[in-house]
Amino acid sequence: MENSEIKLKKPEGLYAALLTPFDEERKVNEEELRKLVTWLVDKGVDGIFPLGSCGEAIHLSFEERVRVVEVILQAVDGRVPVMPGASDSCASNAIKFIKELERLGCAGAVICAPYYLPISEDGVIAHYETIIEAAPNFPIVLYNAPAFSMPLTYNVVEKLAEYPNVVSMKDSSGSMVDFMNFMDIANKAGHMGVMTGREEIILPTLMMGGNGTMSALVGIVPEIMIEIYKAWQERHYDRAKELEFKIVELLTDLNAIPFPVGYKKALDIRRFNMGDPVRPLSDNEKESMAKREKSIRDKLNDILGESLNGCI
């Protein structure tokens, strides 16, 4: 897919926040990555969001991140948009990576606020503006990830929504109050959408005009996330609610293990080889993971039934 075909389009539907498989040497397992992406596209996801928090981009070098994108684009083969994470506390580093994404033909980039070092609200705006203005014809998705970076305030989003290439926002706050205020800003801007990063509230956000989700469960149980989305589209709200509560139960187990190890364990159960955690686990964490594995397997079996064992 040529970049000219997808300029300034806002993402909609179900984007898989992609988990990154690693091999025994803690290098990206390219073969498994291709297999995972191909499976997700064949299942019917609307887009791929690699190199976010659950994709452990922070553990990868610049060259490794570029290679991940290349592998994904080859596997996708133009069938769905690919919008990688390009977050960095240094604006110039983010711009350098975005230039590579433009060159490769990606559909846009997802960027959270600076992390690690404290920064003012004005500093957050300046950080984003430096990046946005360096790539004026490339779609940018603002990423509100308060668990991992400075939260985006309403003032920040309102200011950045003035830019035509800020086409959407991924809100992972989990707050419907925040989501509604971000939706209000986006509606007034006219060109901008809002997606949730929290699977627990995909149905409520869709009901209020959200554009979908960029989230890890889309990349783990795409069948169920797609069924929720279709049930909402067809106004089968009781079925959508039933499935929503099932994924809430699954997430309870996945989030009881250090992030994103629980999510990768779920994909292991689905017969993908995600490899050992890049960050070594403590003995207590290993014990917790062992205790939760059966519960994760049981919940996946309850949700997926026979398709759990026939996923590939």
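Look up a bit, the structure's there.
The structure presented is a predicted model; accordingly, all values stated were derived computationally and were not measured. (Residues numbered from 1 in each chain as written. Predicted model: local features only at pLDDT ≥ 70, side-chain atom pairs only at ≥ 80, totals over all residues. Heavy atoms only, no water.)

Trainee: If you had to explain the side chain of Thr20 to someone new, which residues and values would you point to?
Mentor: Looking at the secondary structure, you find Thr20 in the loop between β1 (13-17) and α1 (30-43). Assessed through its relative accessible area of 3%, Thr20 is described here as buried. At 2.6 Å, the side chain of Thr20 and the backbone oxygen of Gly55 are in polar contact. What Thr20 contacts, discounting residues up to four positions off in sequence, is Val28, Cys54, Gly55, Glu56, Lys264 and Met274. (Helix = DSSP H or I, 4+ residues; strand = E, 2+ residues; numbered from the N terminus. Buried < 20%, exposed > 50% of the residue type's maximum accessible area, 1.4 Å probe, protein only. Polar contact = N/O pair within 3.5 Å; in protein donor to acceptor, adjacent residues only side chain to side chain. Contact = heavy atoms within 4.5 Å.)

Trainee: Lay out the pattern of salt bridges in plain terms, naming residues and giving numbers.
Mentor: Applying the stated rule across the entire model yields 23 salt bridges. Of the charged contacts in the structure, one is a salt bridge between Arg239 and Glu227, with a shortest N-O distance of 2.8 Å. Of this pair, Arg239 sits in helix α9 (residues 237-254) while Glu227 sits in helix α8 (residues 222-233), and the two are twelve residues apart along the sequence. Since its relative accessible area comes to 32%, Arg239 is described here as partly exposed. In this structure, Glu293 engages Lys265 in a salt bridge whose closest nitrogen and oxygen atoms are separated by 4.0 Å. (Salt bridge = Lys/Arg side-chain N within 4 Å of Asp/Glu carboxyl O.)

Trainee: Can you tell me about unusual backbone geometry, naming the residues and giving the values?
Mentor: The omega torsion across Phe259 and Pro260 is 0°, close enough to zero to call that bond cis. Summarising the element assignment, Pro260 is placed in the loop between α9 and α10 (261-269). Look at Arg235: it is not a glycine, yet its phi comes out positive at around 65°. Positionally, Arg235 belongs in the loop between α8 and α9.

Trainee: Describe the layout of surface pockets, and please don't skip the residues or the numbers.
Mentor: For the largest pocket, the calculated volume is near 620 Å³. As for the largest pocket, its lining consists of 26 residues, and the residues nearest its centre are Gly52, Ser53, Glu56, Ala57 and Ile58. By residue class, the composition of the lining of the largest pocket is 16 nonpolar, five polar and five charged. Approximately 370 Å³ is the volume found for the second largest pocket. Residue composition of the lining of the second largest pocket, by class: twelve nonpolar, seven polar and four charged. (1 Å grid on protein atoms, 1.4 Å probe; cavity = no way out; pocket = protein on both sides within 12 Å on 5 of 7 lines; lining within 4 Å. Points joined across faces, edges and corners; volume = space filled by probe spheres on them. Nonpolar A, V, L, I, M, F, W, Y, C, P; charged D, E, K, R; others polar.)

Trainee: Provide a residue-level description of the pairing of β1, including the pertinent values.
Mentor: Here β1 lies mainly inside the structure; five of its five residues are buried. Relative to strand β7 (residues 212-215), β1 is paired through four bridges, and the arrangement is parallel. Looking at β7, one finds that Tyr15 is bridged to Met214. Sheet topology note: the β1/strand β2 (residues 47-49) ladder contains three bridges and is parallel. From the neighbouring strand, Ala17 faces β2, where its bridge partner is Phe49. In this fold, the crossover linking β1 to β2 by way of α1 has right-handed handedness. (Pairing = 2+ DSSP bridges. Right-handed = clockwise from strand over helix to strand, strands pointing away.)

Trainee: Mind laying out helix α3 (residues 91-104), listing which residues take part and the relevant values?
Mentor: The terminal C-alpha atoms of α3, which comprises 14 residues, lie 20 Å apart, in line with the 20 Å expected from a rise of 1.5 Å per residue. Residues of α3 that are buried include every one of Ala91, Ala94, Ile95, Phe97, Ile98, Glu100 and Leu101, and no others. In this fold, the buried residues of α3 make contact with α2 (62-76), β3 (109-112), α4 (121-134) and β4 (140-144). (Expected span 1.5 Å × (residues − 1).)

Trainee: I'd like a rundown of the state of the cysteines, residues and numbers included.
Mentor: The term disulfide refers to a covalent linkage connecting the sulfur atoms of a pair of cysteines. Within the structure shown, the criterion is met by zero disulfides. The thiol sulfur of Cys90 is not disulfide-bonded, and the nearest other cysteine sulfur, from Cys112, lies at 13 Å. This cysteine, Cys112, is not joined by any disulfide, and Cys54 carries the nearest cysteine sulfur, 13 Å off. The class for Cys112 is buried, based on a relative accessible area of 8%. (Disulfide = S-S within 2.5 Å.)

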